[in-house]
Amino acid sequence: MKESKKSDNSILCIADQNLSVSTTSFGLYFRVGSLYESEINCGITHLTEHLFFRRLNGLSNKDLYYLMESIGGAIRGYTTAQYVCFELTVLSEFARSAFELMNEFLKSFNWSDEEVEAEKRIILNEIAQIGNNTDCLSAAQMGNDSFLLPVKGTPDSLKRITAKDVNEWKNKFFNCGNCCFAVTGNISDSDLSDIYSSLEEHKSNVNLPQINLIPPTAYNRSLDDLIFCGGDENYADVFICFDVDFSLVDWTNVMIMFDAFCNGDGSKLSFAMKDERGMVYEIDSKVKEYGTYGNLTISWSIQDERLIESLKLFFDLLKEFKSGITEEEFKSSIVFSTLNMRKYYDNPSDLNNMYGYYDFIAGLPFSVEDSVNKFNTITKELINSASQTIFRSENMFIEIDFNKEHISDEYLKKMICLFASDL
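Residues numbered from 1 in each chain as written. Predicted model: local features only at pLDDT ≥ 70, side-chain atom pairs only at ≥ 80, totals over all residues. Heavy atoms only, no water.

### Describing the environment of aspartate 237
By the element assignment, aspartate 237 lies in strand β10 (residues 235–245). Of the residues examined, aspartate 237 reaches a relative accessible area of 27% and is grouped as partly exposed. Here the alpha-carbon distance between aspartate 237 and isoleucine 400, two residues 163 residues apart in the chain, equals 5.6 Å. Beyond its immediate stretch of four places on either side in the chain, aspartate 237 contacts Trp300, Ser301, Glu399, Ile400 and Asp401. A polar contact is formed between the side chain of aspartate 237 and the side chain of serine 301, at a distance of 2.5 Å. (Helix = DSSP H or I, 4+ residues; strand = E, 2+ residues; numbered from the N terminus. Buried < 20%, exposed > 50% of the residue type's maximum accessible area, 1.4 Å probe, protein only. Contact = heavy atoms within 4.5 Å. Polar contact = N/O pair within 3.5 Å; in protein donor to acceptor, adjacent residues only side chain to side chain.)

Set out below in C-alpha cells:
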C-alpha cells in the first residue's frame, strides 16, 4: 500500500511495500534540469549528476563501484529537461546497505576544481562522439526556447562552468527541500521506520518555485501553430500534438482513450495505417504531463508521396473515433491498460519511477490501486467526453518535416485545414 508523507525538512517521502517480490528499489528525484538553466550555464545539471559518481561525499568512484557490486546493484543516474533521477534496485536482503548508500546523495559536500575539470573532459568527449540532442518539437509546441538547451550543454558553456558554479548549483537544487525520496518493493516496517528517521536528519530551508510549463497558446491554437520544416529525404516526419487540460479530464480516462485510438499495434490508428494500408512502419504515441497541463503526441514517418494520404486517413479516423468509441475498442483498452498497470506491482523499479515522476515532478499523485479501481468504473461515455474535449482544432499543434521539392507549404496547409475541418 502506498504511503506518502512530507518531512519537516520538506522532503517528500513515498513508500510502497510489497513483500511478495524479492527486490527493493530506491529513488531520489530532484526538480532541476536544462529548463532551469540558461545559455551561459547549460549542461550544469548534467555535469552535477555525473560528479556524484566521481565522488559521492567521502566515497571515491572506485569505492562507490565496489560498494554497488558488493550489494549486487548499480546506481542509475540520468538528467532530463525537467528532473534528475538517481535509482538503485537490490535484493531485499541488501535494502539497508542500499539506503545508506543513497542517503549519501543528500549530505553536504563540495567537489574540487580538479574533479570538476576531469568530469567536464568526459562529457566533452561524449558530446564529440555521440552528439547532443535538443527537443525542438517541445520548444515549438510549448512556446518555450528553454527546450532548445541541450541537456549535456555545449563545449563553450561547459568550459565556462567552474567548481564554484557547480557546488552552488548542487547546494541550491540537490537537497532535501527540492527532492522526492521513494522506496518500493520488499522493505520491512523496521527498515522503513529507520529510513524516515534518517531522512529527517537532513537540513534544508530551500523552497524553490516550479517552472510554469503551460504554453501561452494552449487551448487556443490557430493556423500559426502549423510548422513545416524542410527536408532533403524522400520521407516525411509527422508530429501531431493535442493540449490536454488535466483539470477537465481525468488521467485514467485519457489513458484509455489514448490506448484505444493510437497506442499499440491494436489501436485504431496503428492498425489502419500499418496493417491495413502498409503506410508506416509504426506509430509513435506519447502522453506527457506537466502538472495540470499535458499533451498527447502522435507521430509517424512516411514516404512523401503518401504524406497527404496519411494525413487524410488520420483525421478521418480521428473524427470517427470522436463520434464514439466502439464496444470492442473500449473493452480491449480497459483490459490492456488494467493489466499493464497491475504489472507495476511486480516491478519496484518501474513503480518507483512512476511515483517520482507523477507525484513529484508532474504533481499528479499516482496510485496503481486507485488507477485500477478507476479503470473498473470507466464508461464509454467518459471516454467519449475525454476525446471530444481533447481532440479539437483549438488544442492542435502540427509539425511536419518533409521535402519541399515534392509538396509546397501552401498546398500542405490547405489540405490539413480541409481534413481537420469540423474536428
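So much for the structure itself; the text now carries on.
### Concerning the packing of aromatic side chains
Under the counting rule described, the total for this entry stands at 32 aromatic pairs. Ring plane angle 75° and centroid distance 6.3 Å describe the contact between phenylalanine 30 and phenylalanine 86, whose orientation is recorded as edge-to-face. Placement of phenylalanine 30 in strand β3 (residues 23–30) and of phenylalanine 86 in strand β7 (residues 84–91) is noted, with a sequence separation of 56 residues between them. The two residues phenylalanine 30 and phenylalanine 86 agree in class, both being buried. Centre to centre, the rings of tyrosine 357 and tyrosine 358 are 5.3 Å apart; their planes meet at 85°, and the pair counts as edge-to-face. Judged by its relative accessible area of 11%, tyrosine 358 falls in the buried class. Here a set of aromatic residues connected by ring pairs shows up, and it is made of Phe30, Phe52, Phe53, Phe86, Phe105, Phe109, Trp111 and Phe174. In this structure, lysine 5 is placed above the aromatic ring of tyrosine 196, and the distance from its NZ or CZ to the ring centre is 4.0 Å. Over the face of the ring belonging to phenylalanine 109 we find lysine 170, whose NZ or CZ atom lies 4.2 Å from the ring centre. (Phe/Tyr/Trp six-rings, centres within 6.5 Å; stacked < 30°, edge-to-face > 60°. Lys NZ or Arg CZ within 6 Å of the ring centre and 35° of its normal.)

### A few points about the sheet that holds strand β11 (residues 284–290)
If you walk across this open sheet you meet the five strands as β9-β13-β10-β12-β11, and the pairing is mixed. Sheet topology places β9 (226–230) and β11 at the edges, where each strand pairs with a single neighbour. Neighbour-to-neighbour, the strand axes of this sheet turn through a mean angle of 15°, independent of strand direction. Where β10 lies against strand β12 (residues 293–303), 11 bridges are found, and the strand directions are antiparallel. Looking at the pairing, aspartate 245 lines up with tyrosine 293 of β12. (Pairing = 2+ DSSP bridges. Axes fitted to C-alpha atoms, helices over the stretch in contact; angles between N-to-C directions.)

### Here we look at the side chain of lysine 170
Along the chain, the position of lysine 170 falls in helix α7 (residues 163–173). No salt bridge forms around the buried lysine 170; measuring N to O, its nearest opposite-charge neighbour glutamate 104 is 10 Å away. With near-sequence residues (within four places) excluded, lysine 170 lies in contact with Thr48, Phe52, Lys107, Ser108, Phe109, Trp111 and Asn175. (Lys, Arg positive; Asp, Glu negative; His and termini not counted. Salt bridge = Lys/Arg side-chain N within 4 Å of Asp/Glu carboxyl O.)

### Observations concerning the confidence of the model for the protein chain
Predicted confidence across the protein chain gives a mean pLDDT of 93, with 100% of residues reaching 70 or more. When mean pLDDT is compared element by element in the protein chain, helix α1 (residues 44–54) scores highest at 98, while strand β1 (residues 2–6) scores lowest at 86. (pLDDT = per-residue confidence, 0-100.)

### Things to note about the sheet that holds strand β6 (residues 76–79)
Backbone-to-backbone hydrogen bonds pair the strands of a sheet. The strands run either parallel or antiparallel. Across the sheet, which stays open at both edges, the six strands sit in the order β1-β2-β8-β3-β7-β6 with mixed pairing between neighbours. Both edges of this open sheet fall to β1 and β6, since each of them pairs with a single strand only. Adjacent strand axes in the sheet meet at a mean angle of 15° when their direction is disregarded. Note: β3 against strand β8 (residues 179–185), seven bridges, orientation antiparallel. Bridging from a neighbouring strand, phenylalanine 26 pairs with valine 183 of β8. Sheet strands in contact with helix α3 (residues 95–103) are β3, β7 and β8, and its direction is about 160° off that of β7.

### Some remarks on the layout of surface pockets
The space that makes up the largest pocket amounts to roughly 950 Å³. Around the largest pocket sit 35 residues that line it, and Val287, Lys288, Glu289, Tyr357 and Tyr358 are the ones nearest its centre. Taken together, the elements giving at least two residues each to the lining of the largest pocket come down to α9 (251–261), β11, α12 (327–342) and α13 (348–362). Classifying every residue of the lining of the largest pocket gives 18 nonpolar, 10 polar and seven charged. (1 Å grid on protein atoms, 1.4 Å probe; cavity = no way out; pocket = protein on both sides within 12 Å on 5 of 7 lines; lining within 4 Å. Points joined across faces, edges and corners; volume = space filled by probe spheres on them. Nonpolar A, V, L, I, M, F, W, Y, C, P; charged D, E, K, R; others polar.)

### Here we look at the packing of α1 against helix α2 (residues 61–70)
Between α1 and α2, the least distance of the axes is 7 Å, while the angle of their chain directions is 75°. Here α1 lies roughly perpendicular to α2, going by the angle between them. In this structure, α1 uses Phe52, Phe53 and Arg54 to contact α2, whose residues at the interface are Asn61, Leu64 and Tyr65. Tallied by class, residues from the contact of α1 with α2 come to four nonpolar, one polar and one charged. (Parallel < 35°, antiparallel > 145°, perpendicular 65-115°, else oblique.)

### Remarks on unusual backbone geometry
For tyrosine 219, which is not glycine, the phi torsion reads 65° and is therefore positive. Assignment of secondary structure puts tyrosine 219 in the loop between α8 (189–200) and β9. Judged by relative accessible area, tyrosine 219 falls into the partly exposed class, the value being 27%. The phi torsion at aspartate 422 lies on the positive side, around 65°, for a residue other than glycine. The exposure class assigned to aspartate 422 is exposed, which follows from its relative accessible area of 78%.

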